[in-house]
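Close look at the chain arrangement
Here is what each chain is made of, one letter per residue.
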Amino acid sequence: MSGEEAFVTLATTDGYAKGAMVLGCSLREHGTTRKLVVLVGPHVTETCGQALRSIFDEVSPVDVLDSGDSARLALMQRPDLGVTFTKLHCWTLTRYDKCVFMDADTMALSNIDELFEREELSAAPDPGWPDCFNSGVFVYRPSVETHEKLLTFCTENGSFDGGDQGVLNSFFNTWATADISKHLPFLYNLSSIAIYSYLPAFKHYGRDAKVVHFLGKNKPWSYNYDTQSGKMVDLPEGHQPGLHPDYLRGWWRLYAKSVMPLLRRANGDEDFPSGSVEERSPDIPEDETTSSPSADPPSHASPNPRPMSSEERKQRWEAGQMDYLGDDSFANIERKLDSFLK
Ligand code: UDP
Ligand code: GLC
Ligand code: MN
């Protein structure tokens, strides 16, 4: 027993590596006393590798494992998630007694070292299927034996979602019923999309959130966010809005403040790869609130420039095509709710 404990994340691409950098900085900013470890795949560039090394205590190369299960992944509309099987390698970090795994698209909003008081496997409910845990944040105990069992389990049973979450839920299959102490509060893995599906709860509890999870296809690093206008510019193809603008702004602020200088240095300054977000970095005022979840209406919500009839809006909403950053923004929905509740 080494007595050592660590936060662990994973990045197989430069995009996720940037997410990992922000996560690492967020944990440091909130004064964690634990080690920070990132598992990196072979496609992460040296520039990102160097920046990661200045944030993390340990940058550990990892073999990419892929479920290759395109059929099940298609059900989630996320063909890219087969590589999340790689996450299972986090059980090999046996120099640590206990670890907290966090997806590279998560960000700590406060000190969360108390998670190390929990036991394997502790996790928060998945917003889409709350009898499953979401595998974006979980407490575990590294063990060669568990690692081997997990890999055997994958080979024999596959994963019902094609990614690690399906396997982990089938493997730790008593999570839902056996021991409530293994249920982390949702506030430790607040999916920024779930905010919109239960807005009153977010209004009531949101300010206590400890970790935000940018779950879903679009990630903070896929955007260029202009805080002046409160709008996303150059939206990525297949854009599905849903990331809460306040959290997105918090992510970008930390990225601009703590990560960009490291990337510039790692890159020998000047010409950071053309086409990268850095070239079009958002202009973020210094006094911006960073990570505190605001239950107040965000001041930057912008109206949709194209007028739409309320019937058309209703149809779009029902078809899941919300304009989260315009008409259906948090501020507008909240105003409506308030008027009903009065
Ligand atoms: N991941 C990665 N490369 C990929 C896809 C995923 O390194 O191409 C890692 C990364 O740590 C990421 C996690 O696997 O946060 C889970 O994937 P993602 O967060 O995209 O899934 P979601 O939470 O959106 O379902
Ligand atoms: C989930 C989790 C993510 C996991 C993925 C694949 O939505 O948020 O952490 O890697 O599904 O199973
Ligand atoms: Mn994630």
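What counts, and at which threshold
Residues numbered from 1 in each chain as written. Chains lettered and ligands numbered in written order. Predicted model: local features only at pLDDT ≥ 70, side-chain atom pairs only at ≥ 80, totals over all residues. Heavy atoms only, no water. Near = heavy atom within 4 Å. Polar contact = N/O pair within 3.5 Å; in protein donor to acceptor, adjacent residues only side chain to side chain. Nonpolar A, V, L, I, M, F, W, Y, C, P; charged D, E, K, R; others polar. Donors = N, O, S within 2.8 Å, 3.2 Å for Na, K, Ca; no water. Helix = DSSP H or I, 4+ residues; strand = E, 2+ residues; numbered from the N terminus. Buried < 20%, exposed > 50% of the residue type's maximum accessible area, 1.4 Å probe, protein only. Pairing = 2+ DSSP bridges. Areas by Shrake-Rupley, 256 points an atom, 1.4 Å probe, with all protein chains shown as cover. Contact = heavy atoms within 4.5 Å. Axes fitted to C-alpha atoms, helices over the stretch in contact; angles between N-to-C directions. Core = buried A, V, L, I, M, F, W, Y, C linked by side-chain atoms within 4.5 Å. Parallel < 35°, antiparallel > 145°, perpendicular 65-115°, else oblique. Phe/Tyr/Trp six-rings, centres within 6.5 Å; stacked < 30°, edge-to-face > 60°.

Looking at ligand 1, there are 15 residues lining it, with Leu-10, Thr-12, Tyr-16, Gly-216 and Lys-219 nearest. For ligand 1, an oxygen atom lies 2.6 Å from a polar atom in the backbone of Leu-10. Within the contact set of ligand 1, an oxygen atom lies 3.2 Å away from a side-chain nitrogen or oxygen of Asp-103. Within the shell around ligand 1, the residues separate by chemical class into 7 nonpolar, 4 polar and 4 charged.

It is worth spelling out the coordination of the manganese ion (ligand 3) at this point. Distances from the manganese ion (ligand 3) to its protein donors, Asp-103 (OD), Asp-105 (OD), Asp-105 (OD) and His-213 (NE2), fall at 2.2 to 2.3 Å. Sequence spacing among the residues donating to the manganese ion (ligand 3) works out to D-x1-D-x107-H. One end of the pair, Asp-105, is in the loop between β4 (98–102) and β5 (106–108); the other, His-213, is in strand β9 (residues 211–213), and 108 residues separate them in sequence. Each of the two residues, Asp-105 as well as His-213, counts as buried.

To continue, consider the pairing of strand β1 (residues 5–11). Taking burial as the measure, the 7 residues of β1 include 7 buried ones, the bulk of the element. Burial along β1 is two-sided: the face carrying Glu-5, Phe-7, Thr-9 and Ala-11 and the face carrying Ala-6, Val-8 and Leu-10 are both buried. In this sheet, β4 lies alongside β1 in parallel orientation, the contact comprising 4 bridges. Bridging across to β4, Glu-5 finds its partner in Lys-98.

Here we come to the site of ligand 2. Neighbouring residues of ligand 2: 13 residues in total, closest Lys-87, Asp-103, Asp-161, Asp-164 and Gln-165. Within the side chain of Lys-87, a nitrogen or oxygen atom sits 2.9 Å from an oxygen atom of ligand 2. For ligand 2, whose free accessible area comes to 310 Å², the fraction covered by protein is 90%. For the shell around ligand 2, the elements supplying multiple residues, two or more each, are β7 (133–140) and α5 (164–171). For the shell around ligand 2, the element with the most residues is β7, which contributes 3 residues. Class assignment of the residues belonging to the shell around ligand 2 gives a composition of 2 nonpolar, 7 polar and 4 charged.

Next up on the list: the sheet that holds strand β8 (residues 190–191). Read from one edge of the open sheet, 3 strands run β5-β9-β8, paired in mixed fashion. The open sheet is flanked by β5 and β8, the only strands paired with a single partner. Relative to β9, β8 runs parallel, the two being bridged by 2 bridges. The partner of Ser-191 across the bridge, within β9, is His-213. Lying on the sheet, helix α8 (residues 245–266) is in contact with β5, β8 and β9; it crosses β5 at an angle near 80°.

Turning our eyes to something else, we now look at the nonpolar core. Met-21, Leu-52, Met-102 and Tyr-247 are the most contacted members of the largest nonpolar core, which totals 54 residues. Looking at which element gives the most residues to this core, the answer is α8, with 10 residues. Once residues within four sequence positions are removed from consideration, Leu-52 is found in contact with Ala-17, Ala-20, Met-21, Val-38, Val-40, Val-44 and Val-59.

On to the packing of helix α1 (residues 14–29) against α8. In contact at an axis separation of 9 Å, α1 and α8 are set at 105° when each is read in the N-to-C sense. One way to sum up the angle between α1 and α8 is to call them roughly perpendicular. In this structure, α1 contributes Lys-18, Gly-19, Met-21, Val-22, Cys-25, Ser-26 and Glu-29 to the contact, and α8 contributes Trp-251, Leu-254, Tyr-255, Lys-257, Ser-258, Val-259 and Leu-263. Of the residues belonging to the contact of α1 with α8, the class tally is 8 nonpolar, 3 polar and 3 charged.

Inspection of the secondary structure puts Asn-218 in the loop between β9 and β10 (224–226). In this structure Asn-218 comes out as buried when scored by relative accessible area, which is 5%. Engagement of the side chain of Asn-218 in a polar contact is seen with the side chain of Tyr-223, the distance being 3.5 Å.

The next point concerns the packing of aromatic side chains. Applying the stated criterion across every chain, the model contains 15 aromatic pairs. The interplanar angle of 20° and the centroid separation of 6.0 Å between the aromatic rings of Trp-91 and Phe-172 together place this pair among those described as stacked. Highlighted residues: Trp-91 in the loop between α3 (70–75) and β4 and Phe-172 in the loop between α5 and β8, separated in sequence by 81 residues. Judged by its relative accessible area of 0%, Trp-91 falls in the buried class. Ring centres 5.3 Å apart and planes at 20° place the aromatic pair Phe-101 and Phe-138 in the stacked group. Of this pair, Phe-101 sits in strand β4 while Phe-138 sits in strand β7; the two residues are 37 residues apart in sequence, bridging distant segments of the chain. Taken as a pair, Phe-101 and Phe-138 share a single burial class, namely buried. Of the aromatic side chains, those joined through ring pairs into one cluster are Trp-91, Phe-101, Phe-138, Tyr-140, Phe-153, Phe-171 and Phe-172.

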